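Now for the letters of each chain:
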Amino acid sequence: MAQPYPTIGEIVRLDPRLDQLLAKNAKVEVLASGFMWAEGPVWVKGKPAGSSTGGFLLFSDVPKNTIYRWTAADGCQPFLIPSGYTGRGEYSDEPGSNGLTIDALGRLIICEHGDRRISAMPLPGPGGKLTLADRYQGKRFNSPNDVVTHPDGSYYFTDPPYGLAGKEKDPSRETPLFGVYRVSATGDVSLLVSDLVRPNGLAFSPDYKTLYVAQSDEKQPIIRAYPVLADGSVSTGRTIFNATELWKQGLQGAPDGLKVDQQGNLWATGPGGILILSPQGTLLGRIHTGVATANCAWGDDGRTLYITADMYLCRIQVLTKGANF
């Protein structure tokens, strides 16, 4: 009989609606630990090479420049080294990959800090990476951070300075802003949002009509919602959640990665772990991990939430299901 995983944290219930999303006995299981900064989890449907079981999780350790693969049978194994910086010597304290997703072609889409690009890598087929975008109007990106795909074949991503050695003061910066961008199916790059100082995590609503953007800024720790227009651009956004009060309570973490369930609720990392928000932005409760929490992803049958939290890879079973899983 398999030994149970250790658990951490607790569920903080603030609204009765949370009981429809998380069971009373739900626990945060620690699947692996010892990472420097775990990020960007994504579930890959299908069988990993050499395994008889279906599906596996990939996630980044940004400082270690490594993507890991996790399965219940094999635990954590290095999957891709280097994952974000392929140059010689040291680059920065966050050189590796960050956000990951899977596109409609089944390719792994990677936000690469060190190589300052969005790339696509076939899974599991032959061939190396393909650069989807590495610059806008001739200027290199800072360090692409998180990425989501749209059914029209485009990719939306954020570009804060976290992967640069000198962050916002790095002399190699070429673009004057930290933007939210779109790469069309034909490869054209457009700037969607230019007025955020630290854009970070991204997610679409279940109908793809709203793009959510988390900002990891101590002066404005917010999540904003942008209507997506027919041409793929976005109109003026509105703030649906401000995490300032949680910071004042002494909770760790900043708005970072986020995902959406089939009812449109947001599962967003932030102060105190995973914040569960209604589609209107009401805080229903928190999955309190006890450490700064970076990102999350739906996995298995869509009713498991995998969590990257500082040095930990965790999971929790939920009563809902990931949107469009």
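Preceding block: the structure.
All values reported here derive from a predicted model rather than from experimental measurement.

Visitor: Would you mind going over the overall build of the protein with me for this structure?
Guide: Along the protein, the regular secondary structure elements total one helix and 28 strands. Here the C-alpha atoms of the protein give a radius of gyration of 18 Å, agreeing with the 20 Å that 2.2 N^0.38 yields for 325 residues. For the protein, the spread of C-alpha atoms along the three principal axes comes to 55 × 45 × 35 Å. Within the protein, the proportion of its 325 residues that are buried is 56%. Restricting the contact set of the protein to residue pairs at least 6 apart, pairs at least 24 apart contribute 48%. With an accessible surface of roughly 13600 Å², the protein has 50% of that area assigned to carbon and sulfur atoms. Of the charged side chains in the protein, 31 are positive and 32 negative, and the gap between their average positions amounts to 2 Å.

Visitor: Sorry, what's going on with the state of the cysteines here?
Guide: In a disulfide, the sulfur atoms of two cysteines are covalently bonded to one another. Enumeration according to the criterion identifies zero disulfides in this entry. Cysteine C76 is unpaired, with the sulfur of C314 as its nearest cysteine sulfur at 11 Å. Judged by its relative accessible area of 24%, C76 falls in the partly exposed class.

Visitor: Just checking my understanding: could you explain unusual backbone geometry for this structure?
Guide: Leaving glycine out, the prevailing phi sign among residues is negative, and the prevailing peptide bond configuration is trans. Here I81 and P82 are connected by a cis peptide whose omega angle stands at -5 degrees. On the secondary structure map, P82 appears in the loop between strand 7 (75-80) and strand 8 (97-102). Residue D300 is not a glycine yet carries a positive backbone phi of 55 degrees. Note on D300: relative accessible area 32%, which makes it partly exposed.

About the thresholds
- Residues numbered from 1 in each chain as written.
- Predicted model: local features only at pLDDT ≥ 70, side-chain atom pairs only at ≥ 80, totals over all residues.
- Heavy atoms only, no water.
- Helix = DSSP H or I, 4+ residues; strand = E, 2+ residues; numbered from the N terminus.
- Rg over C-alpha atoms; globule rule 2.2 N^0.38 Å.
- Buried < 20%, exposed > 50% of the residue type's maximum accessible area, 1.4 Å probe, protein only.
- Contact = heavy atoms within 4.5 Å.
- Areas by Shrake-Rupley, 256 points an atom, 1.4 Å probe, with all protein chains shown as cover.
- Lys, Arg positive; Asp, Glu negative; His and termini not counted.
- Charge placed at Lys NZ, Arg CZ, Asp CG, Glu CD.
- Disulfide = S-S within 2.5 Å.

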